[in-house]
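Tertiary structure, described
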Amino acid sequence: MKRRNIIKAVGAAAIVGTLSACKPQEQNCKQQAGEQKLHKWKMVTAWPKNFPALGTGANFLAETINQMSGGRISITVYGGGELVPPLEVFDAVSNGTAQMGHAASYYWKGKTPEAQFFGAVPFGMNAQEMNAWLYHGGGLDLWTELYQQFNLVPFPVGQTGVQMGGWFNKEINSKEDLKGLVMRIPGLGGEVLKRAGGSPKILPGSELFTSLQTGNIDATEWVGPYNDLAFGLYQAAKYYYYPGWHEPTACLEGIINKTAYDDLEEDLQQIVKIACVAANQNMLSDFTAKNKTALDTLINQHKVELRKYPDDVIEELKGHAQAVFDELGEKSAMGKKIYKSYKAFAEQTRSWLDISENAYFKAR
Ligand code: CA
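Residues numbered from 1 in each chain as written. Predicted model: local features only at pLDDT ≥ 70, side-chain atom pairs only at ≥ 80, totals over all residues. Heavy atoms only, no water.

Considering the sheet that holds strand 12 (residues 305-308)
So the rule is basically this: A pair of strands is considered paired only if DSSP assigns at least 2 bridges between the two. The helix and strand labels rest on DSSP assignments: H or I over at least four residues marks a helix, E over at least two residues marks a strand, and numbering proceeds from the N terminus.
In spatial order, the strands read 8-7-9-6-10-12; together these six strands make up an open sheet with mixed pairing. The open sheet has two edge strands with one neighbour each: strand 8 (199-201) and strand 12. Of the pairings in the sheet, the one linking strand 7 (residues 182-184) to strand 9 (residues 219-220) comprises two bridges and is parallel in character. Residue pairing across strands places Arg184 opposite Thr220, the latter belonging to strand 9.

Section: the layout of surface pockets
As a reminder of what qualifies: Lining residues are those with an atom within 4 Å of a point, where the points come from a 1 Å grid over the protein atoms alone and group into cavities, where a 1.4 Å probe fits but cannot get out, or pockets, open sets with protein on both sides within 12 Å along at least five of seven lines. Grid points are joined across faces, edges and corners, and a volume is the space filled by probe spheres set on the points. Lys, Arg, Asp and Glu make up the charged group, whereas Ala, Val, Leu, Ile, Met, Phe, Trp, Tyr, Cys and Pro make up the nonpolar group; the residues left over, Gly among them, are polar.
Computed from the structure, the largest pocket encloses a volume of approximately 1600 Å³. Contributing to the lining of the largest pocket are 43 residues, with Gly124, Asn126, Glu129, Val162 and Pro248 lying nearest its centre. Per-element accounting of the lining of the largest pocket gives the leading share, seven residues, to helix 12 (residues 333-355). Considering only residue class, the lining of the largest pocket consists of 21 nonpolar, 13 polar and nine charged.

Details of the environment of Asp267
Heads up, the rule is: For every residue, the accessible area (1.4 Å probe, protein chains only) is compared with the maximum for its type, and the residue is labelled buried under 20%, exposed over 50%, or partly exposed between those bounds.
Note that Asp267 resides in helix 10 (residues 266-301). Its relative accessible area of 27% is what places Asp267 among the partly exposed residues. When the C-alpha atoms of Asp267 and Asn173 are compared, they prove to be 55 Å apart, with 94 residues separating the residues in sequence.

A look at the nonpolar core
It is characteristic of soluble globular proteins that their nonpolar side chains tend to be buried jointly. The condition that has to hold: In this text, buried Ala, Val, Leu, Ile, Met, Phe, Trp, Tyr and Cys residues form a nonpolar core when linked through side-chain atoms within 4.5 Å.
Counting 108 residues, the largest nonpolar core has Trp133 and Trp222 as the members making the most contacts within it. For this core, the element with the most residues is helix 10, which contributes 11 residues.

Considering the pattern of salt bridges
Any two side chains of opposite charge can pair, on the condition that their charged atoms come close. Selection criterion: A pairing counts as a salt bridge when a side-chain nitrogen of Lys or Arg comes within 4 Å of a carboxyl oxygen of Asp or Glu.
Scanning the entire structure with this criterion turns up 17 salt bridges. In this structure, the salt-bridge partner of Lys37 is Asp263, at a minimum N-O distance of 2.8 Å. Residue Lys37 is located in strand 2 (residues 36-45), and its partner Asp263 is located in the loop between helix 9 (258-262) and helix 10; the two are separated by 226 residues in the primary sequence. A relative accessible area of 9% means that Asp263 is categorised as buried. With a closest N to O distance of 3.0 Å, Arg195 and Glu191 form a salt bridge. Of this pair, Arg195 and Glu191 both sit in helix 6 (residues 187-195), separated by four residues, roughly a single helical turn.

Points about the environment of Gln159
Put simply, the rule is: Residue contacts follow a heavy-atom distance rule, with two residues in contact if any of their heavy atoms lie within 4.5 Å. Here a polar contact is taken to be a pair of N or O atoms separated by no more than 3.5 Å, where protein atoms must pair a possible hydrogen donor with a possible acceptor and residues adjacent in sequence count only if both atoms sit in side chains.
Within the element layout of this structure, Gln159 appears in strand 5 (residues 152-159). The exposure class assigned to Gln159 is buried, which follows from its relative accessible area of 0%. Between the alpha carbons of Gln159 and Met130 there is a distance of 8.8 Å; along the sequence they are 29 residues apart. In this structure Gln159 touches Ala127, Met130, Asn131, Leu134, Thr249, Ala250, Cys251, Asn280, Met283, Leu284 and Phe287, once residues within four positions along its chain are discounted. Here the side chain of Gln159 touches Thr249 through a polar contact of 2.9 Å, side chain to side chain.

Section: the pairing of strand 5
Within strand 5, eight of the eight residues are buried, which leaves the element mostly enclosed by the surrounding structure. Relative to strand 11 (residues 251-257), strand 5 runs antiparallel, the two sharing six bridges. Across the sheet, Gln159 pairs through a bridge with Cys251, a residue of strand 11.

Focus on the coordination of the calcium ion
The cut-off we apply is this: For Na, K and Ca the donor cut-off is 3.2 Å, while for other metals it is 2.8 Å, and in both cases only N, O and S atoms qualify; water is not among them, so sites may look incomplete.
Each protein donor to the calcium ion is listed here as Gln163 (OE1), Glu221 (OE), Glu221 (OE), Trp222 (O) and Glu247 (OE); together their distances run 2.1 to 2.8 Å. Along the chain, the residues that donate to the calcium ion are spaced as Q-x57-E-W-x24-E. One end of the pair, Gln163, is in the loop between strand 5 and strand 6 (166-168); the other, Glu247, is in the loop between strand 10 (239-242) and strand 11, and 84 residues separate them in sequence. By the burial criterion, Gln163 is buried, and Glu247 matches it.

Quick look at the packing of aromatic side chains
Quick note on the threshold: Under the pairing criterion, centres of Phe, Tyr and Trp rings, with the six-membered ring standing for Trp, must be within 6.5 Å; the plane angle then separates stacked pairs below 30 degrees from edge-to-face pairs above 60, leaving the rest tilted.
Applying the stated criterion across every chain yields a total of 26 aromatic pairs. Seen from their ring centres, Phe117 and Tyr342 are 6.2 Å apart, and the 40° between their planes marks the pair as tilted. One end of the pair, Phe117, is in the loop between strand 4 (100-104) and helix 4 (127-136); the other, Tyr342, is in helix 12, with 225 residues separating them in the sequence. For the residue pair Phe117 and Tyr342, the accessibility class agrees, reading buried in each case. With a centroid separation of 5.9 Å and 25° between ring planes, the pair formed by Phe123 and Trp245 is classed as stacked. Taken together, the residues span a long stretch of sequence, with Phe123 in the loop between strand 4 and helix 4 and Trp245 in the loop between strand 10 and strand 11 at a distance of 122 residues. On the basis of relative accessibility, which here comes to 23%, the residue Phe123 falls in the partly exposed class.

Structural notes on a nonpolar patch on the surface
Counted only if it meets this: Surface patches are defined over residues having more than 30% relative accessible area and no salt bridge, joining like charges when they lie within 9 Å and nonpolar side chains (Val, Leu, Ile, Met, Phe, Trp, Tyr) when within 5 Å. What sets the accessible areas is the Shrake-Rupley method with a 1.4 Å probe; for residues, cover comes only from the shown protein chains.
Among the surface-exposed residues, Met68, Tyr135, Ile274 and Val277 lie close enough to one another that they form a single nonpolar patch of about 320 Å² accessible area. Looking at the secondary structure, you find Val277 in helix 10. The exposure class assigned to Val277 is partly exposed, which follows from its relative accessible area of 38%.

Here it is in C-alpha cells:
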C-alpha cells in the first residue's frame, strides 16, 4: 500500500516493466524474475523547445540519463508553455506535475529570494568559480538544503559564461541614461538596475522580441550572441552592450521532484547526478564554442553596433550591487548562511584567479 502511494505521489511516473540488462547482484534487480521498475519522467523547461544551448542542453541531459540508465529512466522534455508556462516550472516540479525541470533559480525570487545566490550574482563569481563553489566549496549542499522545503532536489545544469549586457534602442553614455529605463532583467541584476533608477521586468525569453519591438520595454538582456541571435533581437534594437555585469555566468538549474528522486534506486540517483555534471560542463563548452561566430554574424551581417558600458555606469551599478548582495544575506537565517559561504569562497578564489587566470589573460 505504501509503495502504491509513493507511485501515485510521483504522478504515476514509475511503472513496472522488464529489462534484459538486469543483473542479479544489482539492488534494483531484486525481482530477478524479470520485473524492474521503470521511471517515466517529464522534464518541463523555461525555454522554447530545442532552443540553442538552453533547450538542447536540457535535451542532452534527458538523453544522457536515458542512455546511461539503459532506459530505466525515460525522460520526455517539454518546451516552455507545452505542459506549463516557462515561469511555472518550479511549481510544476515541486507539486509533481512534472518530475524534473530546467530553468534558472533567480526566476523564483518571489518564492525564495535566497535562490538567487545560485543563479547569478552581479559582479560575483564566474562559471569557473561557481562550479568550484558548488561542487567543492559547499554551495550545492546549501542549495539542496534551501530547496528541501519545496520538495525539490537541485543540480547545476549549464553555465552560460559571462553574458552580454543587453540590447538597447538608445545609447547608454552615462549613468543618467539608466534612469527611467524599462528593461527586462531578472534576479539581482534587476534589483541593481532599480536602485540606479531603472525599471526592471521579468519576462520569459519567448516574450522578449515582441516586448522590445512594441516598446513595452526599452531594453532587454538575454544571454549572449549565440542565444540572442536565435531570438532575432537585433531586429528590435540596434545597440548591443557588454559586459554582462549582472550575470558573470548564469548557473542554470536542473530541479527534481524530491519524491521522484527518492524513489530512484541508488545507482540511478548516481546516474542522474553525474549526468547533471556532464550537462553542466557541456553547456558552457557549447556557448564558448559558438558565441564569437554569432557575434560576427550580428555585427557583419545584421549591422549591430557593439558598445562597451562606460566606466561610470559600471561603477554606479557595482556600488548598488554590493548593497543588494549584502542585503540578500540579511533576509533570513538561511540567507545569512549562504551569503557567508558565497562571500568567503568568492574572496579566496578571486585572489587565486588574479594570479592565475587573470594574470594569464593579460599576459597572453
Ligand atoms: Ca541573462
